[in-house]
Amino acid sequence: MRIGLVSDTHDLLRPEVLDWLRGSDHILHAGDICGEAVLQELARIAPLTAVRGNNDRGAWAGCLREREIVRLGGATILVVHDIADLRRAPPPADVAAVITGHSHKPLVDERDGVLYVNPGSAGPRRFKLPISAGELIVEQGRVAARLMPF
């Protein structure tokens, strides 16, 4: 199963990011969406799970939660915008991967058997950080991630 990973779009969906996400079985957006149109466009590509980021405000964002737990391809995945939120509510014991955003810094790191992935920012460039997205491949409950710079 291929899960497209995106975060920090800040109301900008780049064509190359959309092309990268095509073919995903599911898409996870780790917040700072900044507009309902982004969610609508992503949902046209694949089923979508999104969380609210610190810049997601207004009536359209009211239905978004700060954290989502999804089970995809036999793996339990936690999605939060800011990894710092895990200090007050750590991931459940059965989580295979944690998807975050907020920092705009792409990262894949394994800690204590859990894969932590920040796909980076797919939206406007911030400082000298790259534009990127990612994918999570789930096979028989095992997870692996890859980042794609643009």
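Because the structure is a prediction, the values reported are computed rather than measured.

Parameters and conventions
- Residues numbered from 1 in each chain as written.
- Predicted model: local features only at pLDDT ≥ 70, side-chain atom pairs only at ≥ 80, totals over all residues.
- Heavy atoms only, no water.
- Pairing = 2+ DSSP bridges.
- Helix = DSSP H or I, 4+ residues; strand = E, 2+ residues; numbered from the N terminus.
- Axes fitted to C-alpha atoms, helices over the stretch in contact; angles between N-to-C directions.
- Buried < 20%, exposed > 50% of the residue type's maximum accessible area, 1.4 Å probe, protein only.
- Contact = heavy atoms within 4.5 Å.
- Polar contact = N/O pair within 3.5 Å; in protein donor to acceptor, adjacent residues only side chain to side chain.
- Core = buried A, V, L, I, M, F, W, Y, C linked by side-chain atoms within 4.5 Å.
- Salt bridge = Lys/Arg side-chain N within 4 Å of Asp/Glu carboxyl O.

(A) Structural context of the sheet that holds strand 10 (residues 142-149). Pairing is mixed across the open sheet formed by five strands, whose spatial order is 3-2-1-9-10. Among the strands making up the open sheet, the edge pair consists of strand 3 (48-50) and strand 10. The sheet shows a mean angle of 20° between the axes of neighbouring strands, taken without regard to direction. The pairing of strand 9 (residues 132-139) with strand 10 spans eight bridges and is antiparallel.

(B) Spatial organisation of the environment of Gly23. Take Gly23: it is sitting in the loop between helix 1 (15-21) and strand 2 (26-29). Separated by 22 residues in the primary sequence, Gly23 and Ile45 place their C-alpha atoms 7.6 Å from one another.

(C) A look at the environment of Asn118. Structurally, Asn118 can be placed in strand 8 (residues 114-118). You can call Asn118 buried: its relative accessible area is 3%. It is 17 Å that separates the C-alpha atoms of Asn118 and Ser24, two residues lying 94 residues apart in sequence. Other than its neighbours up to four places away in sequence, Asn118 contacts Thr100, Gly101, Ser103, His104, Lys105, Pro106, Leu107 and Leu147. Reaching out from Asn118, the side chain makes a polar contact with the backbone oxygen of Gly101 at a distance of 3.0 Å.

(D) Quick peek at the sheet that holds strand 6 (residues 95-99). As summarised here, the arrangement of the five strands in space is 4-5-6-8-7, forming an open sheet in which the pairing is mixed. Only two strands of the sheet have a single neighbouring strand rather than two, namely strand 4 (67-72) and strand 7 (107-111). Going from strand to strand, the sheet's axes swing by 20° on average, the running direction of each strand aside. As paired elements, strand 6 and strand 8 share three bridges and run parallel to each other. The residue bridging Ile99 from the neighbouring strand is Val117, located in strand 8.

(E) Broad picture of the nonpolar core. Among the nonpolar cores identified, the biggest contains 19 residues, and Leu21, Ile27, Ile33, Leu42 and Leu64 are the most heavily contacted of them. Contributions of two or more residues to this core are made by helix 1 and helix 2 (36-45). Other than its neighbours up to four places away in sequence, Ile33 contacts Thr9, His10, Asp11, Val38, Leu39, Ala50, Val51, Asp56, Trp60 and Leu64. In this structure, Leu5, Ala97, Ile99 and Val138 belong to the second largest nonpolar core, which totals 17 residues.

(F) Spotlight on the pattern of salt bridges. Inspection of every chain in the model, using the stated rule, returns nine salt bridges. Two residues, Arg52 and Glu66, come together in a salt bridge whose shortest N-O distance is 3.7 Å. Separated by 14 residues along the polypeptide, Arg52 in the loop between strand 3 and strand 4 and Glu66 in the loop between strand 3 and strand 4 bring together distant segments of the chain. Exposure remark for Arg52: the relative accessible area of 27% places this residue in the partly exposed category. The closest approach of N and O atoms between Glu68 and Arg65, which form a salt bridge, is 3.1 Å. Relative accessible area serves as the criterion here: at 16%, Glu68 is assigned to the buried category. Shared partners join several salt bridges into a network, and the residues in it are Arg52, Glu66, Asp85 and Arg88.

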